[in-house]
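Topology and contacts: notes
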Amino acid sequence: MSVCHVCGCDITHLSCFKPRSYCSDNCRNYMKYKNALERCIIALKPTKESRKIIKGDMFRLSNCLSNGTTLPGKLND
């Protein structure tokens, strides 16, 4: 059995063709958008003030993992 590269859960749907790397669309999308975000951040030339805003955004995203925070009106899974 294979393990998801993002969340570590078992991948239940095995294929005889290309092996799956992710257990769900959410995990696949996370990796796709994380990689896109990294490329965008590298290409940015932000001002000192803009860097603070971006760092704040990244900090808020990381808090979603550590304390289960969600956006207003959204339910935790």
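Because the structure is a prediction, the values reported are computed rather than measured.

Remarks on a nonpolar patch on the surface
A cluster of nonpolar side chains, contributed by Leu 37, Ile 41, Leu 44, Met 58 and Leu 61, occupies part of the molecular surface with about 390 Å² of accessible area. At the level of elements, helix H1 (25-43) and helix H2 (48-67) are the ones that each hand at least two residues to the nonpolar patch. With respect to the secondary-structure elements, Leu 44 resides in the loop between H1 and H2.

Concerning the nonpolar core
In terms of nonpolar packing, the biggest core is built from 5 residues, these being Cys 4, Ile 11, Tyr 22, Cys 27 and Met 31. Beyond its immediate stretch of four places on either side in the chain, Tyr 22 contacts Cys 4, His 5, Val 6, Ile 11, Cys 27, Arg 28 and Met 31.

Here's the deal with the pattern of salt bridges
For the coordinates displayed, the defined rule picks out 3 salt bridges. Here Asp 25 and Arg 28 are joined by a salt bridge, their closest N and O atoms 2.1 Å apart. Here the residue Asp 25 and the residue Arg 28 both occupy positions in helix H1, the gap between them amounting to 3 residues, near one helical turn. By relative accessible area, Asp 25 is classed as partly exposed at 47%.

Description of the confidence of the model for the protein
Scored by pLDDT, the protein comes out at a mean of 85, with 84% of its residues at no less than 70. Looking at the elements of the protein, mean pLDDT is at its lowest for strand E1 (residues 2-3), recorded as 88, and at its highest for H1, recorded as 95.

So, the environment of Ile 41
Take Ile 41: it is sitting in helix H1. Of the residues examined, Ile 41 reaches a relative accessible area of 36% and is grouped as partly exposed. For the pair Ile 41 and Ile 54, spaced 13 residues apart in the sequence, the C-alpha separation amounts to 9.1 Å.

Parameters and conventions
Residues numbered from 1 in each chain as written. Predicted model: local features only at pLDDT ≥ 70, side-chain atom pairs only at ≥ 80, totals over all residues. Heavy atoms only, no water. Patch = residues over 30% accessible without salt bridge, like charges linked within 9 Å, V, L, I, M, F, W, Y side chains within 5 Å. Areas by Shrake-Rupley, 256 points an atom, 1.4 Å probe, with all protein chains shown as cover. Salt bridge = Lys/Arg side-chain N within 4 Å of Asp/Glu carboxyl O. Helix = DSSP H or I, 4+ residues; strand = E, 2+ residues; numbered from the N terminus. Core = buried A, V, L, I, M, F, W, Y, C linked by side-chain atoms within 4.5 Å. Buried < 20%, exposed > 50% of the residue type's maximum accessible area, 1.4 Å probe, protein only. Contact = heavy atoms within 4.5 Å. pLDDT = per-residue confidence, 0-100.

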